[in-house]
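In case you want the letters, here they are:
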Amino acid sequence: MAPKKKPETQVEKPTKKTKALEILVKYHDKDLGKIEKFPVGDWIDLRSAERVDMNAGEFRIISLGISMKLPKGYEAHVVPRSSTFRRWGILQTNGIGIIDESYCGDGDVWKFPALAMRSTTIFKGDRICQFRIVKKMPEVAFKEVEHMDDPDRGGLGSTGKD
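This text gives an overview of the structure that appears in the document. Source: prediction; values computed, not measured.

Scanning the protein for helices and strands turns up one helix and 11 strands. Walking the protein from its N terminus toward its C terminus, one meets helices and strands in the order β-β-β-β-β-β-α-β-β-β-β-β. Across the 162 residues that make up the protein, the buried fraction comes to 31%. A separation threshold of at least 6 residues defines the contact pool for the protein, and within that pool the share at least 24 residues apart is 75%. When the accessible area of the protein is evaluated, it comes to approximately 12600 Å², of which 53% is carbon and sulfur surface.

The following block contains the structure:
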């Protein structure tokens, strides 16, 4: 008799508990509060470590009040929270902030480069951005070719055209 097949919706539970990555954190302002990983979601909120008054068109680099030592082979991606623009009217000027494992000294304070689209005030402790830890890209080698073997997709913005 053949072994009974498990239904496709049943998920195998891991047999080994995975160990959490240990990340060393230095808090430059103890009153700001500690970084907290919420049980749902993969992103961790970061707070402004200072009060910032900005006029429309003004650029500021806002301190997040922390330094971290990321594990070897990992980097942090820092982006605005989904409510950041609606609440404060600021944009992150570099689109996404990448913090690699070498940015780990006492003075390597994480910061958020902001451009104000309207006059705004960000208060110390406001959650203005979020980050996640990801594995770094593996080593790559580029090989030059005269032609690509696959068909063209139709160019930029071609997905979903009728």
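Further notes follow.
The next thing to look at is the nonpolar core. The biggest cluster of nonpolar side chains holds 23 residues, and the ones touching the most others in it are Ile90, Trp110, Phe112, Ile128 and Phe131. Looking at this core, the elements with two or more residues in it are strand E2 (44–47), strand E3 (52–54), strand E5 (66–69), strand E6 (74–80), strand E9 (111–116) and strand E11 (127–135). Excluding its chain neighbours within four sequence positions, the residues that come into contact with isoleucine 128 are Leu46, Ser48, Ile62, Leu64, Pro80, Arg81, Thr84, Trp88, Phe112 and Ile122.

On to the sheet that holds strand E7 (residues 90–92), then. The sheet built from three strands is open, its strands ordered E4-E9-E7 with antiparallel pairing. Every other strand in the sheet has two partners, leaving strand E4 (59–63) and E7 as the edge strands with one partner each. In this sheet, adjacent strand axes meet at a mean angle of 40 degrees when their direction is disregarded. Where E7 lies against E9, three bridges are found, and the strand directions are antiparallel. Bridge pairing in E9 places glutamine 92 opposite alanine 114.

Here we come to the sheet that holds E2. Sheets are built from strands that pair by backbone hydrogen bonding, the pairs being arranged parallel or antiparallel. Taken in spatial order, the four strands make up an open sheet running E2-E11-E6-E8, and their pairing is antiparallel. Both outer strands of the open sheet, E2 and strand E8 (97–100), are each paired with one neighbouring strand and no more. Each adjacent strand pair in this sheet contributes to an overall mean axis angle of 30 degrees, direction not counted. One ladder, built from four bridges, connects E6 with E8; its direction is antiparallel. Bridge assignment links glutamate 75 to a residue of E8, and that residue is aspartate 100.

Evaluated as defined, the whole model comprises one aromatic pair. Seen in terms of ring centroids, tryptophan 110 and phenylalanine 131 are 5.2 Å apart; in terms of plane orientation they differ by 85 degrees. Their pairing is edge-to-face. Of the two residues, tryptophan 110 sits in the loop between E8 and E9 while phenylalanine 131 sits in strand E11, which places them 21 residues apart along the sequence. Here tryptophan 110 matches phenylalanine 131 in class, with each residue buried.

Take the side chain of glutamate 75 next. Structurally, glutamate 75 is set in strand E6. Among buried charged residues, glutamate 75 stands out as having no salt bridge; its nearest opposite-charge side chain is lysine 136, 5.8 Å away. In this structure the side chain of glutamate 75 is engaged in a polar contact, spanning 2.9 Å, whose partner is the side chain of histidine 77. Excluding its chain neighbours within four sequence positions, the residues that come into contact with glutamate 75 are Leu70, Ile98, Ile99, Asp100, Arg132, Ile133, Val134 and Lys136.

With that out of the way, let us pick up the environment of isoleucine 61. Looking at where isoleucine 61 falls in the secondary structure, it is placed in strand E4. You can call isoleucine 61 partly exposed: its relative accessible area is 46%. Put simply, isoleucine 61 and proline 113 are 52 residues apart on the chain and 4.3 Å apart in space, counted from C-alpha to C-alpha.

The rules we used
Each chain has its residues counted from 1, following the order in which its sequence is written. Given that the model is predicted, a residue must reach a pLDDT of at least 70 before its local features are reported, and side-chain atom pairs must reach 80 or more before they are shown or counted; all residues, however, enter totals for whole chains, interfaces and linings. Values shown for side chains rest on all heavy atoms present in the structure; no hydrogens or waters enter the calculation. Numbered from the N terminus, helices here are DSSP runs of H or I no shorter than four residues, and strands are runs of E no shorter than two. Three labels apply to residues, based on accessible area from a 1.4 Å probe with only protein chains included: buried if under 20% of the type maximum, exposed if over 50%, partly exposed otherwise in between. Note on contacts: a residue pair is in contact if any heavy atoms of the two residues lie within 4.5 Å. To be clear on the numbers: accessible area is Shrake-Rupley with a 1.4 Å probe, and residue cover counts the displayed protein chains and nothing else. Residues belong to a common nonpolar core when they are buried Ala, Val, Leu, Ile, Met, Phe, Trp, Tyr or Cys residues joined through side-chain atoms within 4.5 Å. Note on pairing: two strands pair once DSSP finds at least 2 bridges between them. Under this scheme, a helix contributes an axis fitted over its contacting stretch, all axes are lines through C-alpha atoms, and angles between N-to-C directions fall in the 0 to 180 degree range. Each pair of aromatic rings taken from Phe, Tyr and Trp, with Trp reduced to its six-membered ring, is defined by centres within 6.5 Å and is described as stacked if the planes are under 30 degrees apart, edge-to-face if over 60, and tilted in the remaining cases. Only four residue types enter the charge count, namely Lys and Arg as positive and Asp and Glu as negative; His and the chain termini do not. Salt bridges are counted wherever a side-chain nitrogen of Lys or Arg sits within 4 Å of a carboxyl oxygen of Asp or Glu. Under the rule applied, a polar contact is a pair of N or O atoms within 3.5 Å (in protein, one hydrogen donor and one hydrogen acceptor; residues adjacent in sequence only if both atoms are side-chain atoms).

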